[in-house]
Amino acid sequence: MVTLNQQTEQVYNWISDIPDPEIPVITIKDLGMLRNVKFENGNYVVTITPTYTACPAMKMIEDQIIEVLGTHNIHNVKVDLTYTPAWTSDWLSTEAKVKLKKYGIAPPSHSSCTKLFSAEERTVCPRCNSNHTSLISRFGSTACKALYKCDDCKEVFDLFKCH
Amino acid sequence: MTTKEALYNYSLRMGDNALILGHRLSEWCSKAPIIEEDLALTNVALDMIGRAQAFLKYSAILKNEGQTEDDLAYCRSEKEYHNHLITEQPNGDFAHTIARQLYISIFEYHFFSHLEQSADVEFAAIAAKAVKEVKYHREHAIDWTIRLGDGTAESHKRMQAAINDLWMWTGELFEMDEVDTILLKDGISVDLAPIRDLWKKELDKVLLEAMLVFPEAEYMQSGSRKGIHTENMGHILSEMQYLQRAYPDAKW
């Protein structure tokens, strides 16, 4: 994150509360998708990064940034999409992980999982906290989630994948 | 060929591979054997479309003729596409789709792991995203190959048939031409000879575990580097480009 001056910091704060369209309990700032705000050639340039290359929420997030800043009478806005550095679930704030769990989505433990879905890495059920869980499918309702079930409370739940 | 032209071609190829495979996989939507697989295959398709968008956008920038990624995806004719022929092969039964995924995802995992170190920053950036996604595609394909290969007599038979049927399209994954060699000198492209060794080694391990026989046929079909396709490509394009051709520049 680059140091922001007062003006750009204000813009950053205004848009940092925009919720993720798929998981509305967390914001684009919580997710680490909001990378930077700078003032360049008379425009506020907002840099965002997708969680997954094809994240279908990007267009909606872009529209919302423009809309939110419009309500503050700022219309000279440009939204830039960057792939570097590649988004990682390590950027999820601790606060965001708490919110995800409360919402029923198991948060990622850590992204340094070189061995995907290894046996030693047990996913904890967000409902009953049991670690007797099993993977149903690596792919869930959105690109960033996998499908699990709890072997104790029998609930099916989403895991926010470590990435 | 200038370095810039080679860059454009290289980017276009990677975009086309992702676009056509993404289109093929999306044909499974609502038709997979179980709902989890419907989600899995369409998730992989989505990753592919995202990657296609990234590479075709970069191709359009490199060409600098005012085109967009959509123009490249929807307004080219068959011979102007350079996707590997394996990506355009029909889905077949579930085993054929899995065999295609197995061959491609193991290749892509090693390929993008190397492209991540490319001297071209845009390639390196897209590759870094792609490799994270491909890990999931690869695990998915390997799991199913083992489950079907080492499953019932019927699933074993079908998986082996799929592995054999698609084998002749795999040679092309490792072909190198002028585009590759020009960029290799500048550390931009990936040398495919060591990738082939990594691919074979991993494939051998998976097929062994899946109780499947490694194919021995030597004949390999190629053509994509020259824009020569199988008859499947025309059918794909007629469907994929229909809207754009019928209603040019349609917006919604």
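Scoring rules and cut-offs
Residues numbered from 1 in each chain as written. Chains lettered and ligands numbered in written order. Predicted model: local features only at pLDDT ≥ 70, side-chain atom pairs only at ≥ 80, totals over all residues. Heavy atoms only, no water. Helix = DSSP H or I, 4+ residues; strand = E, 2+ residues; numbered from the N terminus. Rg over C-alpha atoms; globule rule 2.2 N^0.38 Å. Buried < 20%, exposed > 50% of the residue type's maximum accessible area, 1.4 Å probe, protein only. Contact = heavy atoms within 4.5 Å. Areas by Shrake-Rupley, 256 points an atom, 1.4 Å probe, with all protein chains shown as cover. Lys, Arg positive; Asp, Glu negative; His and termini not counted. Charge placed at Lys NZ, Arg CZ, Asp CG, Glu CD. Salt bridge = Lys/Arg side-chain N within 4 Å of Asp/Glu carboxyl O. Polar contact = N/O pair within 3.5 Å; in protein donor to acceptor, adjacent residues only side chain to side chain. Core = buried A, V, L, I, M, F, W, Y, C linked by side-chain atoms within 4.5 Å. Domains from an automatic or database assignment.

Caption draft 1: Examining the overall build of chain B more closely. From N to C terminus, chain B includes 11 helices and zero strands. The order of helices and strands in chain B, counted from the N terminus, is α-α-α-α-α-α-α-α-α-α-α. A globule of 252 residues ought to have a C-alpha radius of gyration of about 18 Å, and chain B, at 18 Å, matches this closely. In terms of overall dimensions, chain B has C-alpha extents of about 55 × 45 × 30 Å along its principal axes. By residue count, 56% of the 252 residues in chain B fall in the buried class. Of the contacts formed within chain B by residues at least 6 apart in sequence, a portion of 80% connects residues at least 24 apart. Total accessible area computed for chain B in this model is approximately 11,400 Å², and 54% of it derives from carbon and sulfur atoms. Here chain B contributes 26 positive and 41 negative side-chain charges, whose respective centroids are spaced 1 Å apart.

Caption draft 2: Representation of unusual backbone geometry within the structure. All names here are of chain A. With omega at -10°, the peptide bond leading from Thr 84 into Pro 85 counts as cis. Inspection of the secondary structure assignment puts Pro 85 in the loop between β3 (77-81) and α4 (94-103). Its identity as a non-glycine residue notwithstanding, Asn 41 has a phi of 45°, on the positive side. For Asn 41, the location among the structural elements is in the loop between β1 (34-40) and β2 (43-48). Overall, Asn 41 belongs to the exposed group, its relative accessible area being 75%. Of note in the backbone geometry, Asn 129 takes a positive phi value of approximately 65° without being a glycine. You can see Asn 129 is positioned in the loop between β4 (105-106) and β5 (133-137).

Caption draft 3: Local environment of the pattern of salt bridges. For the coordinates displayed, the defined rule picks out 18 salt bridges over all chains. As a salt-bridge pair, A:Asp30 and A:Lys99 come within 2.8 Å of each other at their nearest N and O atoms. You can see A:Asp30 sitting in helix α2 (residues 28-31) and its partner A:Lys99 sitting in helix α4, a full 69 residues away along the chain. Looking at A:Lys99, the relative accessible area reads 27%, which means it is partly exposed. Where B:Glu154 meets B:Lys157, a salt bridge forms, and the shortest distance between an N and an O atom there is 3.6 Å.

Caption draft 4: Seen up close, the environment of A:Ser16. Residues and elements named next belong to chain A. One can find Ser 16 in helix α1 (residues 6-16). Classification of Ser 16 by relative accessible area gives buried; the value is 6%. Sequence separation between Ser 16 and Ser 109 is 93 residues; the distance between their C-alpha atoms is 24 Å. What Ser 16 contacts, discounting residues up to four positions off in sequence, is Thr 27, Ile 28, Lys 29 and Leu 34. Of the polar contacts made by the side chain of Ser 16, one reaches the backbone oxygen of Asn 13; its length is 3.0 Å.

Caption draft 5: Molecular detail of the nonpolar core. Within the largest apolar cluster, 115 residues are counted, with the highest numbers of intra-cluster contacts made by A:Ile65 and B:Leu115. Three or more residues apiece are contributed to this core by two domains, here domain 1 (6-87) and domain 2 (92-160) of chain A. Contacts of A:Ile65, omitting those with residues within four sequence positions, involve A:Ile15, A:Ile18, A:Ile28, A:Val46, A:Ile48, A:Val77 and A:Val79. Within the second largest apolar cluster, seven residues are counted, among which are A:Ala106, A:Cys125, A:Tyr148 and A:Leu159.

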